[in-house]
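Summary of structural features
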Amino acid sequence: MTEQQPREINIVSPMASLKEVDPLIDAGANELYCGIQLKETEQGLVVNRRPYAIANLQSLEDFKEAVKRVHARGVKLHLTLNSLYYTPRQYPYLERSIEAFLEARADALIVSDVGLLLLLRDKYPGIRVHLSTTLSAFNIHTVRFFAEELKVKRVILPRHMSETEIINVFKESPVETEVFLLGQRCINDDGQCTFEHGIGNFCEDGPGQHGKVSETVGCYLNYNYFTAMRGENSSGRKIVEKRYSLPTMAPFFCAFCAMYGFVKAGIKYFKLPGREDPDVQSRLRFLKAAVGAKHMLLYFEGNRFHFTREVKKYFMKTFELQCSSSLCYYAMKGNHED
Amino acid sequence: MEKAFFVVQTDQLKMPEDPGYSRLYYGIEFCQHQIPTKEELRTALAFARDHSLEFTLVTPYVSETGLKRLEILFDYLRENEPSTEIVVNDWGVLHWLRREYPFKNIALGRIPNKMKRDPRIHHYMDKMPPEALLNFQDCSLSVPAVRKLLIELGVKRLEFDNLLQGMKMDLGSDPPMMTNSLYHPIGYITTTRLCKAGNLDEKELSVFQVLETCERSCRNYRTFFRNQAMKDPIIAQGNTFFYKNTQLPPNLEELGIDRLIFEPEVPMMLSPSEGKAGGAPPPW
């Protein structure tokens, strides 16, 4: 990497309320994305994968205002319509959201469901569509399928891929590629997981992560477990149980080292998750850290070894954490001393 | 009603005790490290032939590594058994098959058929507004445009898990009802490439690391997760969590289900060491 022009690196940040627009853009977000939670969908027809008030704008009016403010700052705003699937009952609410999207002139929809992709392709061909990570594009054929058949313009790749897999898919991809850079990641694959991110806030029961048990992500529940063993090798049982005892969703993973390879390959869009994080300051902190790593790479002329060394120092200083493979978003053997 | 049974490894190939089975499902849905070899596929095909069974190859979602393994099987079938039915659980595999292989009997597996499988729903059914329950009993295949697309892509059959909350979906009439299958008594809840039960000998392996290679140590362990909001424990086997539902839906005909796929075991690899010390099959 010896070119003098700055590399193109776009940080795509979550946003959960109108008041975050300016702080997120001031912190360096190049693109924002958000969801809307329509009151009338709260009885089980939510059209959003994060069905919590804290994760979403609360009305179509707020969304339109958000687009206005974001565009005034020269930044793009994308809308998530990313439930894993929609039934026919949900289409009236989807169409209302799409009409609001068009009226507000927002920039792209982030979509997870094949039915919605068909609706957009056939009825709203002018809308730019980004394929959500939950459509599980683990291989190039999947990327081609959604690009060719359903006209998506950008694919957000799954979190459960290795750096090499991502780069190989990107090299063959006919459309833009977006990858996760920093933040939380679940042990279960986004697209293949049918644990609910909240069954619905109409269920009355005890306290859970986002309110009640019924609003808690299924894999966050408290479980009693036991392991049955088959065969003669019992040594693994303790390891299995130890691994199951670990949290299913860790709040913090980092792909700063991998960013070097991604950018060198030509990937331009780097996503931060976390619109359901109730702590706005936490969201800002992650964004600022990502923007810091981006600036380290914009004109970096050394090789990967040098970048990794520098970015690790930056990581440890920023997060006051020892760098470790257990914090690695796209874990790579041999990239850490631990 | 056609009766099929599902086997994921050749050492489990045996006819179920009750009669009437006419089709063998063979393969894996959830883990590309468990894709059979060509030799294993030939063994399963020979078993099907010897028992006068129709044959279905089940395939998982895959990365580039899995595509290479599937290519060996697809090339073999193209040359030797081109009428084989293939279950796809990856949109890319469907696209690839359509472009490069002549197979005419393609089924869309239960992974891309996204439905509400969280076992808590059963616990909350009585508390839900009717509209919410109906939504939880439905899926996106009720949307006619989705079925039209699948027909265009050459899909002949749709596959479903047996939902704990019941199934109410309109799968016909425009386009006409496709043929549909139901897996029972085990449904899947979630799966991952960050497998906690794999590579147990690698003590330093992060549980948050994708397994690029795997020694299949998951085959020896099965973990049960209990929570008060669930009637039965969740079964964790390999990289996947499953629920059990022994009650078949009463409206099979209305759903267009003309094939039941019986799972005599959790559809993941198990150690073949049954009968040795500590080797009684784990209960489920």
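Residues numbered from 1 in each chain as written. Chains lettered and ligands numbered in written order. Predicted model: local features only at pLDDT ≥ 70, side-chain atom pairs only at ≥ 80, totals over all residues. Heavy atoms only, no water.

1. Quick notes on the overall build of chain A
Counted only if it meets this: A run of DSSP states H or I qualifies as a helix once it reaches four residues; a run of E qualifies as a strand once it reaches two. Both are numbered from the N-terminal end. Buried, partly exposed and exposed residues are distinguished by accessible area as a fraction of the type maximum, computed with a 1.4 Å probe on protein chains only: under 20%, between the cut-offs, and over 50%, respectively. Contacts are residue-level and defined by heavy atoms, with any inter-residue pair within 4.5 Å sufficient. Surface exposure here means Shrake-Rupley accessible area, sampled with a 1.4 Å probe, where a residue is shielded only by the protein chains that are shown.
Counting its secondary structure elements, chain A contains 10 helices and 13 strands. Each of the 338 residues in chain A was classed as buried or not, and the buried ones make up 65%. Restricting to contacts in chain A with at least 6 residues of sequence separation, those with at least 24 account for 68%. Surface exposure of chain A reaches about 12700 Å², of which carbon and sulfur atoms provide 51%.

2. Brief notes about the sheet that holds strand β11 (residues 224–229) of chain A
As a reminder, the rule being used: Strands qualify as paired when DSSP identifies two bridges or more between them. Every axis corresponds to a line fitted to the C-alpha atoms, with the helix fit spanning only the stretch in contact, and the corresponding angles, defined between N-to-C directions, vary from 0 to 180 degrees.
Strand order in this open sheet of 5 strands is β11(A)-β9(B)-β10(B)-β11(B)-β8(B), and the pairing throughout is antiparallel. Taken across any chain shown, the strands that pair with only one partner, and hence form the sheet edges, are β11 of chain A together with β8 (186–191) of chain B. Across the sheet, the mean angle separating the axes of adjacent strands is 30° when strand polarity is ignored. One ladder, built from 4 bridges, connects strand β9 (residues 221–226) of chain B with strand β10 (residues 234–237) of chain B; its direction is antiparallel. The partner of F225(B) across the bridge, within β10(B), is I234(B).

3. Topic: the environment of A48(B)
All names here are of chain B. By the secondary structure assignment, A48 is in helix α1 (residues 38–50). Expressed as a C-alpha distance, the spacing of A48 and Y25, which sit 23 residues apart in the sequence, is 9.4 Å. Apart from residues lying up to four places away in sequence, A48 is in contact with L24, L53 and F55.

4. Describing the sheet that holds strand β5 (residues 106–108) of chain B
All names here are of chain B. The sheet built from 8 strands closes into a barrel, its strands ordered β1-β2-β3-β4-β5-β6-β7-β12 with parallel pairing. Here the strands of the sheet are splayed against their neighbours by 30° on average, with no regard to which way each runs. On the sheet, α1 packs against β1 (2–7), β2 (23–27) and β3 (54–58) and is oriented at approximately 170° with respect to β2.

5. Topic: the nonpolar core
Residues and elements named next belong to chain A. Rules: Throughout, nonpolar core names a set of buried Ala, Val, Leu, Ile, Met, Phe, Trp, Tyr and Cys residues whose side chains join them through atoms within 4.5 Å.
By size, the foremost hydrophobic cluster in this structure holds 211 residues, and its most contacted members are F63 and L182. The leading source of residues in this core is helix α9 (residues 280–298), at 9 residues. Filtering out sequence-adjacent residues up to four positions away, F63 remains in contact with C34, I36, L57, L77, L79, A100, F101, A104 and A106.

6. Details of the pattern of salt bridges
Selection criterion: Should a side-chain nitrogen of Lys or Arg be within 4 Å of a carboxyl oxygen of Asp or Glu, the pair is scored as a salt bridge.
If you walk through the whole model with that rule in mind, you get 39 salt bridges over all chains. Among the ionic pairs, R89(A) bridges to E131(B), the shortest N-O distance being 3.9 Å. Placement of R89(A) in the loop between β3 (76–81) and α3 (91–104) and of E131(B) in helix α5 (residues 130–136) is noted, with the two residues assigned to different chains. Given a relative accessible area of 36%, E131(B) falls into the partly exposed group. Here R120(B) makes a salt bridge to D118(B), at a shortest N to O gap of 2.5 Å. By the burial criterion, R120(B) is buried, and D118(B) matches it. Among the charged side chains, a network of salt bridges with common partners joins E31(A), R128(A), R154(A), E176(A), E178(A) and K271(A).

7. Points about the confidence of the model for chain A
In low-pLDDT segments, the atomic positions of the prediction should not be examined closely. The test is simple: One confidence number per residue, pLDDT, is output by the predictor and ranges from 0 to 100.
For chain A, per-residue confidence averages 87 on the pLDDT scale, and residues scoring 70 or more make up 87% of the total. pLDDT under 50 marks residues 334–338 of chain A. Its contacts with residues more than four places away, or in other chains, come to 11 contacts.

8. Side note on the interface of chain B and chain A
In plain terms, the rule: A quick way to say it: buried area is the sum, across both parts, of accessible area lost when two parts are put together, with a 1.4 Å probe. Polar contacts here mean pairs of N or O atoms no more than 3.5 Å apart (in protein, one a potential hydrogen donor and the other a potential acceptor; neighbouring residues in sequence count only if both atoms are side-chain atoms). As a working rule, the residues Ala, Val, Leu, Ile, Met, Phe, Trp, Tyr, Cys and Pro are called nonpolar, Asp, Glu, Lys and Arg charged, and the rest polar, with Gly in that last group.
Facing 88 residues of chain B, the contacting portion of chain A comprises 83 residues. For the pair chain B and chain A, the summed buried area comes to about 7600 Å², and 58% of that belongs to carbon and sulfur atoms. Our enumeration of links across chain B and chain A arrives at 5 salt bridges. In this structure, R193(B) engages E165(A) in a salt bridge whose closest nitrogen and oxygen atoms are separated by 2.8 Å. For the interface between chain B and chain A, the tally reads 25 residue pairs in polar contact (both at pLDDT 80 or more). Counting residues per element, the ones that place at least two in the side of chain B that touches chain A are α2 (64–80), α3 (91–100), α4 (120–124), α5, α6 (144–152), β8, β9 and β10 of chain B. With 7 residues, the single largest contributor to the side of chain B that touches chain A is α3(B). Residues that form the side of chain B that touches chain A fall into these classes: 44 nonpolar, 21 polar and 23 charged. Here 6 bridges tie β11(A) to β9(B), and the two strands are oriented antiparallel to one another. Paired with Y225(A) across the bridge in β9(B) is F225(B).

9. Quick word on the packing of aromatic side chains
In plain terms, the rule: Pairing of aromatic rings covers Phe, Tyr and the six-membered ring of Trp, with a centre-to-centre limit of 6.5 Å; geometry is then stacked below 30 degrees between planes, edge-to-face above 60, and tilted otherwise.
One pass over the full model with this rule turns up 34 aromatic pairs over all chains. Here Y329(A) and Y330(A) contribute two aromatic rings whose centre-to-centre distance is 5.2 Å and whose plane-to-plane angle is 40°, an arrangement assigned as tilted. Its relative accessible area of 1% is what places Y330(A) among the buried residues. Both rings, one in F225(B) and one in F241(B), keep their centres 5.1 Å apart while their planes meet at 50°; by these two values the pair is tilted. Pair noted here: F225(B) is in strand β9 and F241(B) is in strand β11 (residues 240–244), with a separation of 16 residues, a long-range link. On the accessibility criterion, F225(B) (5% relative accessible area) is buried. Classification of F241(B) by relative accessible area gives buried; the value is 13%. Through a chain of ring-to-ring contacts, three or more aromatic side chains come together here, namely F180(A), F253(A), F262(A), F270(A), Y329(A) and Y330(A).

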